[in-house]
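# Fold and geometry: a report
Take a look at the letters that make up each chain.
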Amino acid sequence: MCGIVAYIGSKPARELLLEGLKRLEYRGYDSAGIAMLNGGLHVARTMGRVSGLEEMVIDDEAFNGTIGIAHTRWATHGEPSERNAHPQCDDGKKGHGIRIVHNGIIENYASLKTYLKERGHEFTSDTDTEVLAHLIGELYNGNLETAVQAALREVTGAYAIAVVCEEEPDVLVVARKGSPLIVGVGKDEYVVASDSSAIVAHTTQAFLLDDETVARLTRDSFRTTTVENVELTPEIQELEYSLEQIELGDFDHFMLKEIYEQPATLKTCMQGRVNAIDGNIVLGGVAEFAEQLSKAKRILLLGQGTALHAAMIGEYLFEGLAGIPTEVEFASEFRYRNPIVEEGTIAIAVSQSGETADTLAAVQEAKRRGAITLGAVNVVGSTISRDTDAGVYLRVGPEIGVASTKAFIGQVAVLTMLATYVGRRHHLGKELMTELLAALEAMPMHIEKVLGESDHILQITKGVVDRDNWLFLGRGTNYPVALEGALKLKEISYIHAEGMPAAEMKHGPIALIDKGMPVVIVATKGSQYEKVIGNMEEVRSRGGHIIAVATEGDTAIQKHCDDVIYVSDVPEPLQPLLSVIPLQLIAYHAAVLRGKDVDKPRNLAKSVTVE
Ligand code: M6R
């Protein structure tokens, strides 16, 4: 995924575009570029971060314009380099001064490139985007909007694009299919971006472009059409994000800010939904499917990465609390199998962004095969939220840190609410329901308490941070927590870590354990506690350095481990919401201690909108 920002209006576009790019940099940061129309076309591109681009243009008068497009890239086609950076252009010799920024992938770029080469086009980059720029140039006949529409009719794949043309210096054309693009509407100005964080500082009025829709923007007008040129009337809405939500404030990193937001975001996620006094759950978003949910024969949970780990916890919850057979699938695998989707299946797509390409394709596949589809999604209006039959939003606010934290808590909370909502219509008794909901309502307070242990967790992490191989172990619902702990550590500190069910260790991975190897074991009180203690002893006897996450008051555990982090005593099905917090903090501290760029880990982007 990359970041797009574009502007047309009367303000200085350079500052606005650079500021927008910085806000979008978490979407990709291999290279960056800007194109400005200001008495001619001016372009700057560079490898690396937006700060480098800023240095190139900040004092250059050529970039004093009021219309421009900009991009921060996460490479898919073509290595990260200046020539592959966006904006890409149409043919230098016979072109019309077309510049384009693009998110997504043009799947048929190879055949289009061959066609264009036959017509004399010469290419200077390895990107699919340049092919699209040339195609628009080839079809250009004095009207940029028409040329973009015509080009997009020839294209297969996904795109969000912003295009300018030297021959039409007061026109900005944008379009999307399968990759998000939002048009912010100000007074005689438009700010377009691939997510609202680049818009809210300027306006909170915006419309979301639908798939295969093109918008032509001038300073005081806009027109939206399909790629077939059928005129549309988009609905202008109020953006929900506030500026404060996307600013760092007093924190050093967005990841840390988001870890600390979790008590508050969990409250917001449960607000108006969890009612412990009545022992009731209200989920307006899925109310029209209440009957199908209660009668569901099978639940299918789809996701990738952290969202998949949340889904794995969901499996325990749906089976344990609602008694419904449940399966979890990597969305990327599900979409290419020949999956059996029986009648009465409810497929739930779990996703922070609501744009992950594999998760989207998997849930579409489940729908094609007859499933009712629901979303457990954070970003309002995202493609998955729009493509599913209904859903429950996470309501955790914008997540900027590439390492997902508060969205994980939101995903687990939503799946817990869904499982109890369905469970109550099955065999989940009122007493247990009330007990669970009361514990759920108290969870923000318990999370707050773990956050108070951050310094202690930092000291523990310091003791082992130089080790390059770690294990994370857990059982039951704490097994996916172990997976999540390992993922967090590897993605931001580049330490090799593996998560697994504690019992699986004996079947091979135990060979890895040598003196001082850090092994993080989630050993909270529950049905498998004794067995986990057994696993700890297996590690200890081989010299591993054990960091246990244990239940408050369990002093006996200290003799089995080297370090212990206590969390409150909560019912077993809810433990993941708490036991994951120390693991998030371990990963954060390890990355900072190793001097890594926590919010922009190498090779990653916030969401993966390509296969
Ligand atoms: O936006 P999504 O929740 O669909 O994203 C899924 C994964 O790409 C995401 O959770 C990824 O694993 C995170 N970087 C993990 O921290």
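Residues numbered from 1 in each chain as written. Predicted model: local features only at pLDDT ≥ 70, side-chain atom pairs only at ≥ 80, totals over all residues. Heavy atoms only, no water.

### Remarks on the packing of helix α12 (residues 406-424) against helix α13 (residues 430-451)
Contact geometry of α12 with α13 gives a least axis separation of 11 Å together with a crossing angle of 165°. Taken together, the axes of α12 and α13 are roughly antiparallel relative to one another. In this structure, the crossing between α12 and α13 has a hand that is left-handed. Residue-level contacts link Thr-416, Met-417, Thr-420 and Arg-424 of α12 to Lys-430, Met-433, Leu-436, Leu-437 and Leu-440 of α13. (Axes fitted to C-alpha atoms, helices over the stretch in contact; angles between N-to-C directions. Helix = DSSP H or I, 4+ residues; strand = E, 2+ residues; numbered from the N terminus. Parallel < 35°, antiparallel > 145°, perpendicular 65-115°, else oblique. Left-handed = near helix turned anticlockwise from the far one by under 90°. Contact = heavy atoms within 4.5 Å.)

### Things to note about the domain arrangement of the protein
If you check the domain split of the protein, you get domain 1 (3-245), domain 2 (255-446) and domain 3 (452-596). One C-alpha centre belongs to domain 1, the other to domain 2; they are set 34 Å apart. Tallying the contact residues gives 11 residues for domain 1 and 12 residues for domain 2. Summing both partners gives a buried area of about 1,100 Å² for domain 1 against domain 2, and 53% of it is carried by carbon and sulfur. Looking only at domain 1, the three residues that lose the most surface to domain 2 are Tyr-26, Tyr-241 and Gln-245, adding up to 47% of its buried area. Run the count over domain 1 and domain 2 and you get one salt bridge. With a shortest N-O distance of 2.8 Å, Arg-386 and Asp-210 are connected by a salt bridge. Linking domain 1 with domain 2 are four residue pairs in polar contact (both at pLDDT 80 or more), by the criterion used here. (Domains from an automatic or database assignment. Buried area = accessible area lost by both parts, 1.4 Å probe. Salt bridge = Lys/Arg side-chain N within 4 Å of Asp/Glu carboxyl O. Polar contact = N/O pair within 3.5 Å; in protein donor to acceptor, adjacent residues only side chain to side chain.)

### A few points about helix α2 (residues 50-57)
Turning to α2, its buried residues number three or more, namely Val-50, Leu-53 and Val-57. Along the long axis of α2, the arc covered by the buried residues comes to 55°, so they all point the same way. (Buried < 20%, exposed > 50% of the residue type's maximum accessible area, 1.4 Å probe, protein only. Arc of directions from axis to C-beta.)

### Overview of the layout of surface pockets
Approximately 570 Å³ is the volume found for the largest pocket. Considering the residues around the largest pocket, the lining is formed by 25 residues, among which Gln-304, Gly-305, Thr-306, Lys-606 and Val-608 are closest to the centre. Of all the elements in the fold, those that place two or more residues in the lining of the largest pocket are α8 (305-322), β20 (345-351), α10 (357-368) and α15 (478-493). Looking at the lining of the largest pocket element by element, the count peaks at three residues for α8. Here the residues of the lining of the largest pocket are counted per class, giving nine nonpolar, 12 polar and four charged. (1 Å grid on protein atoms, 1.4 Å probe; cavity = no way out; pocket = protein on both sides within 12 Å on 5 of 7 lines; lining within 4 Å. Points joined across faces, edges and corners; volume = space filled by probe spheres on them. Nonpolar A, V, L, I, M, F, W, Y, C, P; charged D, E, K, R; others polar.)

### A word on the site of the ligand
Around the ligand, the surrounding shell holds 15 residues, and the nearest of these are Ser-351, Gln-352, Ser-353, Thr-356 and Glu-491. The backbone of Gln-352 places a nitrogen or oxygen atom 2.6 Å from an oxygen atom of the ligand. Ser-404 has a polar backbone atom sitting 2.8 Å from an oxygen atom of the ligand. Protein chains shield 91% of the accessible area of the ligand, which is 410 Å² for the free molecule. In a pocket analysis with a 2 Å cut-off to the grid points, the ligand is assigned to the largest pocket. Among the elements of the structure, α8 and α15 are those that each provide at least two residues to the shell around the ligand. (Near = heavy atom within 4 Å. Areas by Shrake-Rupley, 256 points an atom, 1.4 Å probe, with all protein chains shown as cover. Sits in = over half its atoms within 2 Å of the grid points.)

### Focus: the nonpolar core
The biggest cluster of nonpolar side chains holds 92 residues, and the ones touching the most others in it are Val-286, Phe-318, Ile-348, Met-417, Leu-418, Trp-470 and Phe-472. The dominant element in this core, judged by the number of residues it contributes, is α12, at 12 residues. With 32 residues, the next largest nonpolar core counts Tyr-26, Tyr-29, Ala-70 and Ile-199 among its residues. (Core = buried A, V, L, I, M, F, W, Y, C linked by side-chain atoms within 4.5 Å.)

### Overview of the pattern of salt bridges
Enumeration according to the criterion identifies 31 salt bridges in this entry. One salt bridge in this structure joins Asp-358 and Arg-335, with 2.6 Å as the shortest N-O distance. Taken together, the residues Asp-358 in helix α10 and Arg-335 in the loop between α9 (331-334) and β20 connect sequence positions 23 residues apart. In terms of burial, Asp-358 and Arg-335 fall into one category: buried.

### Brief notes about the sheet that holds strand β2 (residues 31-37)
Pairing between the strands of a sheet is mediated by backbone hydrogen bonds and can be parallel or antiparallel. A sheet is described by the order of its strands in space; here eight strands give the open sequence β3-β2-β4-β1-β10-β9-β11-β15, paired in antiparallel fashion. Both outer strands of the open sheet, β3 (41-47) and β15 (237-238), are each paired with one neighbouring strand and no more. Taken together, the six bridges between strand β1 (residues 3-8) and strand β4 (residues 67-73) define a ladder with antiparallel strand orientation. Bridging from a neighbouring strand, Ile-8 pairs with Ile-67 of β4. Together, β2, β3 and β4 form the strand contacts of α2, whose direction differs from that of β3 by roughly 140°. (Pairing = 2+ DSSP bridges.)

### Describing the state of the cysteines
For the structure shown, the criterion picks out zero disulfides. There is no disulfide at Cys-2, and the cysteine sulfur nearest it, in Cys-89, is 17 Å away. Classification of Cys-2 by relative accessible area gives buried; the value is 7%. (Disulfide = S-S within 2.5 Å.)

### Some words on unusual backbone geometry
Glycine aside, negative phi is the norm for most residues, and most peptide bonds take the trans geometry. Cis geometry marks the peptide bond from His-86 to Pro-87, where omega comes out at 5°. Along the polypeptide, Pro-87 turns up in the loop between β4 and β5 (88-89). The residue Arg-395 is not glycine, and still its phi comes out positive at about 55°. When you line up the elements, Arg-395 lands in the loop between β22 (390-393) and α12.

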